[in-house]
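Here are the chains, one letter per residue:
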Amino acid sequence: MSDALSFLEEDMTCLICCDVFTDPVTLKCSHSLCSECLQRFWTTQKVPQCPVCRKECTHDEPTKSLAFRALCESFKTRKPTTDLGDICPLHGETFKLFCIDDKQPICVVCYTSKKHENHKCSPVEEAVGNLKVIVEEQLSKLEETLAGYKKAHESCVEEAELNKEHTSVEENKIKKEFEKLHQFLSEEEEKRIKALRKEMDRRDEKLKARMEDLSALISDLSERMAARWQHLETESITFLQNYSDALKIVKHPSVPNMSPEMEECQHHPIQTMIFTTWARMQTLVEQPPVTLDPDTASSKLMVSPDCTSVQFMESKMQVSDNPERLYVGVLAAQGFSSGLHCWDVEVRDNDHWTLGVVGETVNRKKLYKMDPKSRFWCLRYVDGTYKKGNKPAIDIDDNKRPNIIRLQLDFYQGELRFIEPFRNRLLCTFNGGFPEKVFPYFCTGDLCVPLNVFPANQ
């Protein structure tokens, strides 16, 4: 029924106002129009014409049909009520057109107004079809974006789970290491206290024996002194007769010297004991002096979980572009601005490596020449050729490739030395000082052989 009304509405629609005829008239060319719409159209024409076929007409030509008018009025009453949202609020007319310039539906009166003059418009149904295609295309792109967001979210969830697991593992490692330290310190404390108590017990025994001896001496001396006091009260002749024996008894005995014992008892080398314990505790810590910083590694370098090895990858990895990350290479987590430092790098059969130190303030997003002017102090080995910076290192014997490269950095002397430790061979040296803090630098282009970092075997 709805489709039938739709087709009937097309036959009963004025081609000017695009609505059901109101007071319809018919021209000799058989085209029907609203009387008011036709008169308004003719005001814009010098010669009256049919708006449809452009055939000339006369002003007395339009004829009215009461039956056709009644049919149109009857159709309007049977036509479903139009939604107020489909009505132009300015003119009360149904929206029949869509203004492409203003992107809004308009009525025919709006179309003839100055506001939409020279604007590109299209019928509503045509506009809906075209715009739906555009919206569908945009929705399709948004679906792709949404899928990307969901995938990224899933990756974040997975990474969060991995971080959780990693945190748990690292926490257990930390607890385990500190348990070792706590156990070591507890054992050392117990051992030191036991040794102290043993020493104190030994000293107590000596003191007890000494006190017993002194008590005996005191008792004996007291008795003899009492006897001599009595001797002093005897008659003169008796006193003189016993004077020689009395003199022997009252002779002043030697007093034992207690100072050495007291000094020994008061001397406890606590600081020496603490230092010795600290030195022994260092043997529990197996931490190399140089470790790699994954946050500085370029997108083709993969750092091992323990941060002591770096491997070249054929394809770029998905890594964050943080400020610390290098364009090429990877830095150590430790930087040096003083002192003497030493570390070993295992290169083995790696045929493309670069080792050295880099200044702290270099632009990490830029590719530099490997020379001191660019604040790169590096030794390179590429396809069988050694290079000191950008210049060939002609002093190095290519036939004796080292498995281990030892780097010795003396910041105070401003010197960086590259040594093969097993042959005790000096490969090359950089002199001239370092104007700023430097970080150990590593780079590899070999897919098969990684670079491994170890503490230097002094």
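Everything numeric here is computed off the predicted structure, so don't read it as measured data. (Residues numbered from 1 in each chain as written. Predicted model: local features only at pLDDT ≥ 70, side-chain atom pairs only at ≥ 80, totals over all residues. Heavy atoms only, no water.)

Looking at the pattern of salt bridges
Tallied over the full model, the rule gives 13 salt bridges. Between Glu36 and Arg40 there is a salt bridge, with the nearest N and O atoms lying 3.4 Å from each other. Separated by four residues within a single helix, Glu36 and Arg40 lie in helix H2 (residues 35–42), roughly one turn from each other. According to the relative accessible area criterion, Glu36 is exposed, its value standing at 57%. (Salt bridge = Lys/Arg side-chain N within 4 Å of Asp/Glu carboxyl O. Helix = DSSP H or I, 4+ residues; strand = E, 2+ residues; numbered from the N terminus. Buried < 20%, exposed > 50% of the residue type's maximum accessible area, 1.4 Å probe, protein only.)

Regarding the pairing of strand S18 (residues 438–444)
Among the seven residues in S18, seven count as buried, and that is most of the element. Pairing of strand S11 (residues 352–359) with S18, which is carried by seven bridges, proceeds in the antiparallel orientation. Within S18, the residue paired with Gly359 across the bridge is Val438. (Pairing = 2+ DSSP bridges.)

Some points on the sheet that holds strand S3 (residues 63–64)
Strands pair in a sheet through their backbones, by hydrogen bonds, and they do so in one of two ways: parallel or antiparallel. Reading across the sheet, the three strands line up as S2-S1-S3 and stay open at both edges, with antiparallel pairing between neighbours. A strand with exactly one partner marks an edge of an open sheet, and here the two such strands are strand S2 (32–34) and S3. Direction of pairing for strand S1 (residues 24–26) relative to S3: antiparallel, over a ladder of two bridges. Within S3, the position partnered with Thr26 by the bridge is Thr63.

Description of a positive patch on the surface
A grouping of Lys369, Lys373, Lys388 and Lys391 is seen on the molecular surface, where their side chains present a positively charged patch. The class of Lys388 is partly exposed, set by a relative accessible area of 34%. (Patch = residues over 30% accessible without salt bridge, like charges linked within 9 Å, V, L, I, M, F, W, Y side chains within 5 Å. Areas by Shrake-Rupley, 256 points an atom, 1.4 Å probe, with all protein chains shown as cover. Lys, Arg positive; Asp, Glu negative; His and termini not counted. Charge placed at Lys NZ, Arg CZ, Asp CG, Glu CD.)

As for H2
Because an α-helix packs 3.6 residues into every turn, residues spaced three or four apart end up facing the same way. What H2 keeps buried is the set Ser35, Cys37, Leu38, Phe41 and Trp42. Take H2 and look down its axis: the buried residues cluster within an arc of 165°, on one side only. (Arc of directions from axis to C-beta.)

A closer look at the confidence of the model for the protein
Scored by pLDDT, the protein comes out at a mean of 84, with 88% of its residues at no less than 70. Contacts for the low-pLDDT stretch residues 262–267, under 50 throughout, to residues beyond four places or in other chains number three contacts. (pLDDT = per-residue confidence, 0-100. Contact = heavy atoms within 4.5 Å.)

A word on the packing of aromatic side chains
Counted under the stated rule, the structure contains ten aromatic pairs. Ring centres 5.9 Å apart and planes at 20° place the aromatic pair Trp353 and Tyr381 in the stacked group. Placement of Trp353 in strand S11 and of Tyr381 in strand S12 (residues 376–382) is noted, with a sequence separation of 28 residues between them. Overall, the relative accessible area of 5% leaves Tyr381 in the buried class. By the ring-pair criterion, three or more aromatic residues cluster together here, those being Trp353, Tyr381 and Tyr386. Sitting over the ring of Phe439, Arg364 keeps its end group 6.0 Å from the ring centre. For the cation-ring pair, Lys388 lies above Phe430, with the distance from its terminal atom to the ring centre recorded as 5.1 Å. (Phe/Tyr/Trp six-rings, centres within 6.5 Å; stacked < 30°, edge-to-face > 60°. Lys NZ or Arg CZ within 6 Å of the ring centre and 35° of its normal.)

Description of the pairing of S12
Buried residues dominate S12, accounting for seven of its seven residues. Of the two faces of S12, the one carrying Phe376, Cys378, Arg380 and Val382 and the one carrying Trp377, Leu379 and Tyr381 are both buried. Sheet analysis places S11 next to S12, joined by seven bridges and oriented antiparallel. By the bridge assignment, Thr354 is partnered in S12 with Arg380. In the sheet, S12 pairs with strand S13 (residues 385–388) via four bridges, with the strands oriented antiparallel. The residue of S13 that forms the bridge with Leu379 is Lys388. What sits between S12 and S13 in their antiparallel hairpin is a turn of two residues, with Asp383 showing a positive phi close to 50°.

Regarding the side chain of Asp446
Assignment of secondary structure puts Asp446 in the loop between S18 and strand S19 (451–455). Here Asp446 sits buried without a salt bridge, and the closest side chain of opposite charge, Arg401, lies 6.7 Å off (N-O distance). At 3.1 Å, the side chain of Asp446 forms a polar contact with the backbone nitrogen of Val449. Other than its neighbours up to four places away in sequence, Asp446 contacts Gln311, Phe312, Asp349, Asn350, Asp351 and His352. (Polar contact = N/O pair within 3.5 Å; in protein donor to acceptor, adjacent residues only side chain to side chain.)

Examining the environment of Glu125
Relative to the elements of secondary structure, Glu125 occurs in helix H5 (residues 124–232). Glu125 sits in the exposed class, given a relative accessible area of 66%. Glu125 sits 28 residues away from Leu97 along the chain, and the two C-alpha atoms are 8.5 Å apart.

Details of the sheet that holds S18
One open sheet holds the six strands; their spatial order is S9-S18-S11-S12-S13-S14, and the pairing between them is antiparallel. Every interior strand has two partners, whereas the edge strands, strand S9 (330–331) and strand S14 (391–392), have only one. Of the strand pairs in this sheet, S9 and S18 are connected by two bridges, and their pairing is antiparallel. Looking across to S18, one finds that Leu331 is bridged to Tyr441.

Quick word on the state of the cysteines
Enumeration over the complete set of coordinates arrives at zero disulfides. Free of any disulfide, Cys110 has its nearest neighbouring cysteine sulfur in Cys107, separated by 3.4 Å. (Disulfide = S-S within 2.5 Å.)

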